Amino acid sequence: MLLIVGSSIVSADLWAMTRLDENSPFLWVLAAHATLSIGLALLLTPLFTASLSVLAIPAAFLIRKQTLGAAESESASADGG
């Protein structure tokens, strides 16, 4: 759903930006840029989530993360914190 809304906003805003010229008000340019940023966020967020969710996390990364987490908790307890 976000892809459809985001791509619609980006398409409409890019078309609106073709109407800009040297006499366009600054607020119009600012609004067009802000709308484009929101549209790109709505468009790219689900795409990145879908593409990154299929990646496997290497076991070595998980072991290293657990080891570092245990070392950090031991150092915190040794410091009295």
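Note: the structure precedes this text.
Scoring rules and cut-offs
- Residues numbered from 1 in each chain as written.
- Predicted model: local features only at pLDDT ≥ 70, side-chain atom pairs only at ≥ 80, totals over all residues.
- Heavy atoms only, no water.
- Helix = DSSP H or I, 4+ residues; strand = E, 2+ residues; numbered from the N terminus.
- Polar contact = N/O pair within 3.5 Å; in protein donor to acceptor, adjacent residues only side chain to side chain.
- Contact = heavy atoms within 4.5 Å.
- Patch = residues over 30% accessible without salt bridge, like charges linked within 9 Å, V, L, I, M, F, W, Y side chains within 5 Å.
- Areas by Shrake-Rupley, 256 points an atom, 1.4 Å probe, with all protein chains shown as cover.
- Salt bridge = Lys/Arg side-chain N within 4 Å of Asp/Glu carboxyl O.
- Buried < 20%, exposed > 50% of the residue type's maximum accessible area, 1.4 Å probe, protein only.
- Expected span 1.5 Å × (residues − 1).
- Arc of directions from axis to C-beta.

1. Regarding the side chain of Ser 24
Here comes step 1: Its place among the elements puts Ser 24 in the loop between α1 (2-17) and α2 (26-53).
Here comes step 2: Here the side chain of Ser 24 touches Asp 21 through a polar contact of 2.9 Å, landing on its backbone nitrogen.
Here comes step 3: Once residues lying within four places of it in the same chain are set aside, the contact partners of Ser 24 are Arg 19 and Val 29.

2. What to know about a nonpolar patch on the surface
Here comes step 1: A surface patch of nonpolar side chains, amounting to about 860 Å² of accessible area, comprises Leu 3, Ile 4, Leu 40, Leu 44, Leu 47, Phe 48, Leu 52, Val 54 and Leu 55.
Here comes step 2: Among the elements of the structure, α1 and α2 are those that each provide at least two residues to the nonpolar patch.
Here comes step 3: If you tally residues by element for the nonpolar patch, the top one is α2, at five residues.

3. Examining the environment of Ala 41
Here comes step 1: Note that Ala 41 resides in helix α2.
Here comes step 2: Given the relative accessible area of 41%, Ala 41 is considered partly exposed.
Here comes step 3: Spatially, the C-alpha atoms of Ala 41 and Leu 2 are 9.4 Å apart, while their sequence positions differ by 39 residues.

4. Digging into α1
Here comes step 1: For α1, built from 16 residues, the straight-helix expectation of 22 Å at 1.5 Å per residue is met to within 8% by its first-to-last C-alpha distance of 22 Å.
Here comes step 2: Among all positions of α1, only Gly 6, Val 10, Asp 13 and Ala 16 are buried. Viewed along the axis of α1, the buried residues span an arc of 130°, placing them on a single side of the element. More than 90 degrees from the buried face of α1, the exposed residues found are Ile 4 and Trp 15.
Here comes step 3: In this structure, the buried residues of α1 make contact with α2.

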